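Spelled out, the chains give:
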Amino acid sequence: MDPRSQDDAAVADLATMRVRYTAPGLREADLAATPLAQFASWLADAEQAGLTEPNAMVLATAAPEDGEIVPTARDVLLKQVDGRGFVFYTNLGSRKGQQLAANPGAGLVFPWFPMQRQVVVSGLAYPLDRQEVDSYFRRRPYDARIGAWASAQSTVVGSREELEERYEQLRARYPDTGRDDDVPLPPFWGGFLVRVRTIEFWAGRPSRLHDRLRYRTRSGSPEALDDAAAWLVERLSP
Ligand SMILES: Cc1cc2nc3c(=O)[nH]c(=O)nc-3n(C[C@H](O)[C@H](O)[C@H](O)COP(=O)(O)O)c2cc1C
């Protein structure tokens, strides 16, 4: 088959692919007093609806690469949210880690498609202190702690075998004792706290007249997510 006609067929399908939004939407009167309470309520809804990985979020970062400011994005898992902001863990030498070291600006998106909802966060990401990273690292399963050591995340690896060999060597170096300190915290592994400047709650509505309610800090700087006085609510055009 001519590969071009296959491509054409795929494009035609995409053009007609759309979902009708029928969810009840979001009114100003429904919003919680603080962005933290509103987020917690939607996260609980996503969990109760049985969504796969409701705490998965797209993290966007941007920094100069080869003379241009290049945004990049990937999924990470939200591991904590509180008044301070949104916390995730990663390899500090990864592409995202290097970009955040150069530019703390960060975007987060929770794409809760089956709920016809998304949450869009914009803020600044700061490295977590080592004590907080260590206490989370100890709670990870043994295999995940070894995996963190085995992977120089975002660098080119020669082969799958090379990666698995490194993993086995590390298992031998740090045997599983069932204790939480059998694998030390890798110095290149850490976490970030995204402190929030804006957080938008989006709900799909018919005719593409979606609801978009955004909390924005009065100061323009990141503020505590649980301080009602720090935030303004605005409706955005869909
Ligand atoms: C659902 C899901 C959750 C993920 N969670 C994380 C995470 O919490 N931390 C992480 O470093 N990578 C996570 N990853 C892998 C990242 O998407 C990505 O491949 C990796 O962090 C390297 O990204 P980078 O090269 O842009 O730095 C996850 C991937 C998926 C699909």
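Residues numbered from 1 in each chain as written. Predicted model: local features only at pLDDT ≥ 70, side-chain atom pairs only at ≥ 80, totals over all residues. Heavy atoms only, no water.

### Notes on the packing of aromatic side chains
Overall, the coordinates contain 15 aromatic pairs when judged by the stated rule. With 5.9 Å between their ring centres and 35° between their planes, phenylalanine 39 and tryptophan 112 make a pair best called tilted. Taken together, the residues phenylalanine 39 in helix α2 (residues 35-48) and tryptophan 112 in strand β5 (residues 105-112) connect sequence positions 73 residues apart. Accessibility assignment for this pair places phenylalanine 39 and tryptophan 112 in one class, buried. An angle of 25° between the planes, with centres 5.6 Å apart, marks the rings of phenylalanine 88 and phenylalanine 192 as stacked. On the criterion of sequence distance, the pair formed by phenylalanine 88 in strand β4 (residues 85-91) and phenylalanine 192 in strand β7 (residues 189-203) is long-range, its members being 104 residues apart. Judged on exposure class, the residue phenylalanine 88 and its partner phenylalanine 192 are both buried. Counting every residue linked through ring pairs, the aromatic cluster contains Phe39, Phe86, Phe110 and Trp112. (Phe/Tyr/Trp six-rings, centres within 6.5 Å; stacked < 30°, edge-to-face > 60°. Helix = DSSP H or I, 4+ residues; strand = E, 2+ residues; numbered from the N terminus. Buried < 20%, exposed > 50% of the residue type's maximum accessible area, 1.4 Å probe, protein only.)

### Quick notes on the site of the ligand
Contacts to the ligand come from Glu53, Arg74, Asp75, Val76, Leu77, Tyr89, Thr90, Ser94, Arg95, Lys96, Gln153 and Ser154. One of the side-chain nitrogen or oxygen atoms of threonine 90 is found 2.7 Å away from an oxygen atom of the ligand. Here the ligand loses 65% of its free accessible area of 620 Å² to cover by the protein chains. Counting residues per element, the ones that place at least two in the shell around the ligand are β2 (68-77), β4 and α3 (95-102). In terms of residue count, the dominant contributor to the shell around the ligand is β2 (4 residues). Tallied by class, residues from the shell around the ligand come to 3 nonpolar, 4 polar and 5 charged. (Near = heavy atom within 4 Å. Polar contact = N/O pair within 3.5 Å; in protein donor to acceptor, adjacent residues only side chain to side chain. Areas by Shrake-Rupley, 256 points an atom, 1.4 Å probe, with all protein chains shown as cover. Nonpolar A, V, L, I, M, F, W, Y, C, P; charged D, E, K, R; others polar.)

### Points about the environment of glycine 25
Among the secondary structure elements, glycine 25 is positioned in the loop between α1 (3-16) and α2. Taking C-alpha positions, glycine 25 is 6.2 Å from aspartate 211, a pair spaced 186 residues apart along the chain. Each residue touching glycine 25, except ones within four places of it in the same chain, is listed here: Ala203, Arg205 and Asp211. (Contact = heavy atoms within 4.5 Å.)

### Structural notes on the pattern of salt bridges
Where charged atoms of side chains with opposite charge meet at close range, the side chains can pair. Under the criterion given, the structure shown has 19 salt bridges. Residue arginine 84 is joined to glutamate 132 by a salt bridge in which the shortest nitrogen-to-oxygen separation is 3.0 Å. A residue pair is termed long-range when its members are at least 10 positions apart, and arginine 84 in the loop between β3 (80-82) and β4 and glutamate 132 in helix α4 (residues 130-139) qualify at 48 residues. The partner of aspartate 211 in a salt bridge is arginine 205, and the shortest N-O contact between them spans 2.8 Å. Given the relative accessible area of 5%, aspartate 211 is considered buried. By relative accessible area, arginine 205 is classed as partly exposed at 28%. In this structure, a network of salt bridges that share partners links the residues Glu28, Arg205, Asp211 and Arg235. (Salt bridge = Lys/Arg side-chain N within 4 Å of Asp/Glu carboxyl O.)

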